Amino acid sequence: MDLVAEYGRAFGLYDKLAPYLPMSLGAGETTLTRLVSAYAVLANGGHAVQPSMIDRIQDRHGRTIFRHDGSRLRSMQRTRWLHQEEPVLRDTRKQVLDPMTAYQVTSMLRGVVERGTAHQVSQLGAPVAGKTGTTNDEKDVWFVGYTPTLVTGIFMGYDAPKPMGYGETGGGLAAPIFIDFMKVAMSGRPAVDFPVPQGLTFASVNRRTGKRAASGDPGSAVEVFKPGTGPCLTECPVIDGFGAEGAEFPAALREQLLTAPHGLY
């Protein structure tokens, strides 16, 4: 739970997350702004995003006197193009999550849209990742979804919490609002896919057994894996010293797995 609490703080969800197991399942309370900014970390390849109500301020002559992101483009101070090189934007945001991990979570959340509780969102016809949420007794429902360029959070509930009706869910109430908003927000913009960090690999996996499957097999899904990981072709070796068919498990690899720090897998 110490690691979970640290991620909760790094993502901006909580200032201090109590180290109780239910908190890892979302038992803690936060705000919609904080929740959306946390999902923005995933959409931005693991970079932290500081929410702001003001993007920039300009004076009456159009000069920018304040920018929320603090960026400076010295090469763009000229008033006309003189065949100069394009400006280079350096991402100075804090990296709070490994880009590969961020993409893996995004891939999982795309599964929520493609074949899960938010399947109706797939009608947008563009790459979208997201997650539905429903609190106890249907008092609050949520949907947070994102494309590579926009994160949107929907919350529904009463000012004084009370049930909204038996069986109501985030997929049934909040997701349709997300769809209506995103149809307008995405209008006229080309659909772009999430950038894939270098080194990741894709493989079809049988959704029941977890083993590698042929591409397009019924009951399979395409999942993404970090280097050195992935589904087994047949039976997977174990760490008790022997493989599934009695073959000796490589001693060096066995020792590495047994002594590996958290996060290697």
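Presented here is a report on the structure given in the accompanying data block. Here the residue numbers are simple positions, counted from 1 along each chain's written sequence. Given that this is a predicted model, residues contribute local features only at a pLDDT of at least 70 and side-chain atom pairs are listed and counted only at 80 or more, while totals for whole chains, interfaces and linings are drawn from all residues. Excluding hydrogens and water, the side-chain values take into account all heavy atoms of the structure.

**Re the sheet that holds strand β4 (residues 140-146)**
Adjacent strands of a sheet pair through backbone hydrogen bonds, lying either parallel or antiparallel. For two strands to be treated as a pair, DSSP must find no fewer than two bridges joining them. Counting from the N terminus, the helices are the DSSP runs of H or I reaching at least four residues and the strands are the DSSP runs of E reaching at least two. Here we have three strands laid out as an open sheet, ordered β3-β4-β5, and antiparallel in their pairing. Of all the strands in the sheet, the pair left with one neighbour each is β3 (129-134) and β5 (151-157). Here the strands of the sheet are splayed against their neighbours by 5° on average, with no regard to which way each runs. With seven bridges joining them, β4 and β5 adopt antiparallel strand pairing. When the sheet's bridge partners are listed, F143 is paired in β5 with I154. The contact criterion used throughout is that any non-hydrogen atoms of two residues lie within 4.5 Å. For helices, the axis comes from a line fit to the C-alpha atoms of the stretch in contact; other axes are also lines fit to C-alpha atoms, and the angle between any two N-to-C directions lies between 0 and 180 degrees. Running over the sheet, helix α3 (residues 99-115) touches β3 and β4 and is turned about 65° from β3.

**Brief notes about the packing of aromatic side chains**
Planes of paired rings set the category: under 30 degrees apart is stacked, over 60 is edge-to-face and the rest tilted, where pairs are Phe, Tyr or Trp rings (Trp by its six-membered ring) whose centres lie within 6.5 Å. Tallying each qualifying case throughout the model produces six aromatic pairs. Taking the centre distance of 5.7 Å and the plane angle of 85° together, the rings of Y146 and F194 count as edge-to-face. Of this pair, Y146 sits in strand β4 while F194 sits in the loop between α4 (170-185) and β6 (201-206), and the two are 48 residues apart along the sequence. With respect to burial, Y146 and F194 carry one shared label: buried. Clustering of aromatic rings is evident, with ring pairs tying together Y39, Y146 and F194. Criterion for a charge above a ring: Lys NZ or Arg CZ within 6 Å of the ring centre, and within 35 degrees of the ring normal. It is K162 that lies over the ring of Y158; its NZ or CZ is 4.5 Å from the centre. Note on classification: 1.4 Å probe, protein chains only; a residue is buried when its accessible area is under 20% of the maximum for its type, exposed when over 50%, partly exposed between these limits.

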